[in-house]
Amino acid sequence: MNRSTVGSRWNSDLVEQLYEQWKRDPQSVDASWQAFFEGYSLGCDSSPAAGGEIDAASSQAQAGVTRLIDAYREIGHYLANLDPLGLSPQRDTHELLELDEFGLTDADLDKTFFTKLYPGHSATLRQIIDALKQTYSGTIGVEYMHISNRRIRRWLQQKMEPVRNQPELNSKQKRRVLLKLYAAELFETFLHTHYMGQKRFSLEGGETLIPLLDAIVEDAGPRGVGDIIFGMPHRGRLNVLTNTLEKPYGMVFSEFEGNIPNTVGGDGDVKYHLGFSSDHLCETGEKVHLSLSPNPSHLEAVDPVVEGRVRAKQRKSPTRDRHLVLPVLIHGDAAFAGQGLVAETLNLSQLRGYKTGGTIHVVVNNQIGFTTFPVDSRSSRYCTDVAKMIEVPIFHVNGEDPEAVVYVAKLALEFRQTFQMDVVIDMVCYRRHGHNEGDEPAFTQPLMYQEIRKRPGIREIYTNRLVDTQELTKQEADTLAETFKEKLEKIYVEVHNNKERKPDPLPDSYTGSWAGLTRPYNWDPVETGVSRDVLAHVAKVTSTAPPGFSIHPTLERILTPRVKQFEDNGPVNWGFAEALAFGSLAMEGTPVRLSGQDCGRGTFSHRHAVLTDSKTGDRYVPLQHLKEGQGDFSVYDSLLSEAAVLGFEYGYSLDTPRMLVMWEAQFGDFSNGAQVIIDQFLASGESKWGRSSGLVMLLPHGYEGQGPEHSSARMERYLQLCAEDNIQVANVTTPAQYFHMLRRQVRRSFRKPLVVMTPKSLLRHKLAVSTVDDFVTGRFHEVLDDPTVTDPRKVRKVIVCSGKVYYDLVTKREAENKVGEVAIVRLEQVYPWPAHLLKPILNRYADTATSWMWVQEESHNNGSWFFVAPRLQELMGWSFDYVGRDASGSPATGSHHVHEHEQATLVEAAILGTGPSLISAQSKFESKVMVSH
């Protein structure tokens, strides 16, 4: 019954109508009315249809009780005892739960009503309220009535209400909880004593997280989970690493001593960002592989990465069974409410291309964010309210009731395995120290920290509870503590006395799914040509649809000629070349995954990897029908997000090194919406954590007069990130080059992220085509010499460029009859810098050329100029002139006419060399093109 009926006048006509409807089909009326009519039928033999046979007062009271029950299910959490600090005192009642809100009075408290809350389906109102408070207003508060799926609501009620949400742990289970609390707290105090002053982002105040995770892990094995991948921030991470993933304490102590572990490479990272993996043997005998993903300080950035890793692991199951791999994400309260990436990741949860069968979200709710109170950090009652958008249950639980926390953890796992949906646990606790151990929290939260500093730890509270119930003796508790301290001290002494020992270096090769691949970049050529027969088959399959499938007439005119074009040795344009690359890989058994906004069709209507029947709306993916046993081909239009989707695909690539995994931006300009993922994972993940990735980023780039946000993929930013051969940056100019580059990505002996400036206007440019022969033989070339130069001695000017501007230069050169005099060299791969390949090409012209230029269409402070300029000078011994747009705060003009003038001016300056006086003069278009020497 909805809220609007609460307190309304009794309408017997409405009751009569609903009663008749219920008799015909009980499921056709709301659950609260079902309960009412079931109770009425149990209590009397007559039908309320006969006039005068309804006891109006009794019926109204029964209806009020039914509404009261639903109200407690909906807002009983308002009365729950959730805050261990008592800063928000527990309320005994709420105005929306007062008896008169439901037409009831104190006189009804001892009357008997129908209810399924008790055996026999009857109880007094007093008993009903007591049961509801136990269930929904104890140390557990539940939000689930916002879920529209009635089956889910009933399942939760059937799980919670019979047991009143009261955990019943046996003695063995309670001792396990206690042991986990001892390990969690004593580990923190040990670090505080032995490494005072060092940051560790203590879990103290939230130690119950450890028994919570232990409950999930222990129950996961019997419920069919074989892998759990965790993602979490820095707070409590060291504790989770040691006491959940069983990372040896000695490894952590060694990191505090200043040693970088051999599980990371390059520059390494702080100890509270590192990942770890281990195998856990459940008490019931099942083995569960545990993995904690490394993460940066950027809160919540790891969330989509974990989801991608989980999805990748799930595909290894022949049935893609999502029960087998479980994602667990641990959040802080301020971050869960404040970081937009949380909402983006939640939005992934039920999408076709990204769902992982449900995530368990655990919020360690310290009731503060650094120095900021919740009143200043969110506009909602709870930090978890954002999760309501995907209609999943949210369990709020008092962190000082470990048994309730464990009960909720087990229920959350069972829910996930049953419904394959996300579930949220909001564990309300506190942070014993400041943001870090050297921070003074009393500067900004004096009252809160007065309460915290006089509060005993959860270990002491739970120990006393078990001692009081005679389930533990004080001597046993003291022995537990001393034994654990002695264990840590022994390990510490061993590590401290051997702290000069250096860890073994990170090996060059990998194990597991990465076995056979190596870490370092190398320049070994990779032949990536494909037989003509295979290409012909791919061309035929991708240009035809099944019988009876109606293709849009315009699209048919694009696809159908491909077979004839192939037979004629071309021309092959960009979209056709890409289909040949994807198809040939799939034919060889290499899976291909592409996702991004509108990538099935392609932003520029060039790909059409997914065909849609113009009459029925049915979908057909030709590349999935190449042959029996082919490699998977998956293409997914993503949600309108950059950060979450790129993070997901990065995570996916970590566990699928032999799959071509690609993310495409709608326009390359929009990739800066995922800058955190690019900076903290793609560019630096290998250096920090030793994690390699073969992810490909396809970023449409090129100046065509479409304005500041549809021109530049910001190539300069990626080049600024380049060092230590960490990523590859390319701006290729032909369909065949694109084809070979994609194939090379999964045929090399190593994996590095590949950032590609992909074309827009070149997709249909008459010169930007290749022959079929170009695909049958050959490989990718990092540098392309000028094919028109037959006699290098006649060359007087050498232009080095990259990307689309090449075709503008070629057209102008031909128009000005400068072929043979002006050589145009293309830098197809800008990083890793191909010095050894570029130098011999440029040396061909060194004796006769008098003008050397770098030409780009991007602004002076954008594009490749500041990256290539010092390298060109080092390579050749002299500086190159810059020809291109002047520096600008915005990447491109908003006027198409101004763009055309600028483009024509810079191309003319490059080919004719008309001098800076003409270039620097301001025209009526206010063009900004410059030549620098």
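Just so you know, these numbers come straight off a predicted model, no measurement behind them.

A. Seen up close, the state of the cysteines. A full pass over the atoms with the stated rule returns 0 disulfides. The thiol sulfur of C722 is not disulfide-bonded, and the nearest other cysteine sulfur, from C801, lies at 19 Å. Overall, the relative accessible area of 11% leaves C722 in the buried class.

B. Main features of the pattern of salt bridges. Evaluation of the coordinates by the stated rule reveals 50 salt bridges. Notably, a salt bridge pairs R223 with E414, separated by 3.7 Å at the nearest N-O pair. Remark: E414 occurs in helix α14 (residues 402-419) and R223 occurs in the loop between α7 (209-220) and β4 (227-231); sequence separation between them is 191 residues. Relative accessible area serves as the criterion here: at 37%, R223 is assigned to the partly exposed category. Across the pair K313 and D655 runs a salt bridge, and its minimum N-O distance is 3.5 Å. Here K313 is found in helix α10 (residues 302-314), whereas its partner D655 is found in the loop between α22 (643-654) and β15 (660-664), with 342 residues between them in sequence. Residue classification places K313 among the buried residues on the basis of a relative accessible area of 17%. Connected through shared salt-bridge partners, K172, R176, K180, D214, E218 and E283 make up one network.

C. Quick peek at the packing of helix α6 (residues 171-194) against α7. Between α6 and α7, the least distance of the axes is 8 Å, while the angle of their chain directions is 130°. Considering the angle they form, α6 stands oblique to α7. Considering the relative orientation of α6 and α7, their crossing is right-handed. Residues R176, V177, K180, L181 and A184 of α6 form the contact with α7, whose own contacting residues are I210, P211, D214 and E218. Among the residues forming the contact of α6 with α7, the class breakdown is 5 nonpolar, no polar and 4 charged.

D. Quick look at the environment of H273. Assignment of secondary structure puts H273 in the loop between α9 (249-256) and β5 (276-281). Under the relative-accessibility criterion, H273 is labelled buried at 6%. Note: C-alpha distance between H273 and R237 (36 residues apart in sequence) is 7.7 Å. The residues contacting H273, other than those within four sequence positions of it, are H234, R237, P294, N295, P296, S297 and W689.

E. Structural detail: the environment of L517. In this structure, L517 sits in the loop between α17 (474-497) and α18 (532-542). Classification of L517 by relative accessible area gives buried; the value is 4%. For L517 and F667, which are 150 residues apart along the polypeptide, the C-alpha to C-alpha distance reads 32 Å. Once you skip the residues sitting within four places of it in the chain, L517 turns out to touch D508, S509, Y510, P657, R658, R748, S749, F750 and R751.

F. Geometry of the pairing of strand β24 (residues 881-885). Among the 5 residues of β24, 5 are classified as buried, and the element is accordingly described as predominantly covered. The pairing of strand β23 (residues 851-859) with β24 spans 4 bridges and is classified as parallel. Considered in β24, the bridge of V855 is made with V883. With helix α30 (residues 865-876) bridging β23 and the parallel β24, this β-α-β connection has right-handed handedness.

G. Just the side chain of H740, in detail. Its location among the elements puts H740 in helix α26 (residues 735-745). A relative accessible area of 2% places H740 in the buried class. Among the polar contacts listed, one links the side chain of H740 to the side chain of T528, at a separation of 2.7 Å. In this view, H740 contacts T528, G529, D774, F775, T777, G778, R779 and F780; residues no more than four positions away in its chain are not counted.

H. Up close: the sheet that holds strand β17 (residues 728-730). Read from one edge to the other, the open sheet built from 7 strands follows the order β14-β11-β15-β16-β18-β17-β22, with strand pairing classed as mixed. One side of each edge strand has no neighbouring strand; the edge strands of this open sheet are β14 (633-637) and β22 (829-831). Ignoring which end each strand starts from, the neighbouring axes of this sheet average 20° apart. Looking at chain direction, strand β11 (residues 592-596) and β14 are connected through 5 bridges and run parallel.

I. Quick peek at the sheet that holds strand β6 (residues 287-292). With respect to topology, 8 strands assemble into an open sheet ordered β3-β9-β10-β8-β7-β4-β6-β5, the strand pairing being mixed. Taken across any chain shown, the strands that pair with only one partner, and hence form the sheet edges, are β3 (140-143) and β5. Between one strand axis and the next, the sheet turns by 20° as a mean value, whatever way the strands run. With 5 bridges connecting them, strand β7 (residues 325-332) and strand β8 (residues 360-365) associate as parallel partners. What sits directly across from V328, in β8, is I360.

J. Inspection of the packing of helix α5 (residues 150-160) against α14 at higher detail. One way to put it is that α5 packs onto α14 with a least axis distance of 12 Å and a crossing angle of 145°. Crossing of α5 over α14 shows right-handed handedness. Contact with α5, carried on its side by R151, I152, W155, L156, K159 and M160, involves Y407, L411, E414, F415, T418 and F419 of α14 and no other residues of that element.

K. Unusual backbone geometry, seen in detail. The omega torsion of the bond from G570 to P571 falls at 5°, within 30 degrees of zero and hence cis. Residue position: P571 is located in the loop between α20 (561-567) and α21 (574-587). With omega at -10°, the peptide bond leading from Y831 into P832 counts as cis. Along the polypeptide, P832 turns up in the loop between β22 and α29 (835-843). The residue Q367 is not glycine, and still its phi comes out positive at about 65°. You can see Q367 is positioned in the loop between β8 and α13 (374-377). For Q367, a relative accessible area of 13% gives the class buried.

Conventions and cut-offs
Residues numbered from 1 in each chain as written. Predicted model: local features only at pLDDT ≥ 70, side-chain atom pairs only at ≥ 80, totals over all residues. Heavy atoms only, no water. Disulfide = S-S within 2.5 Å. Buried < 20%, exposed > 50% of the residue type's maximum accessible area, 1.4 Å probe, protein only. Salt bridge = Lys/Arg side-chain N within 4 Å of Asp/Glu carboxyl O. Helix = DSSP H or I, 4+ residues; strand = E, 2+ residues; numbered from the N terminus. Axes fitted to C-alpha atoms, helices over the stretch in contact; angles between N-to-C directions. Parallel < 35°, antiparallel > 145°, perpendicular 65-115°, else oblique. Left-handed = near helix turned anticlockwise from the far one by under 90°. Contact = heavy atoms within 4.5 Å. Nonpolar A, V, L, I, M, F, W, Y, C, P; charged D, E, K, R; others polar. Pairing = 2+ DSSP bridges. Right-handed = clockwise from strand over helix to strand, strands pointing away. Polar contact = N/O pair within 3.5 Å; in protein donor to acceptor, adjacent residues only side chain to side chain.

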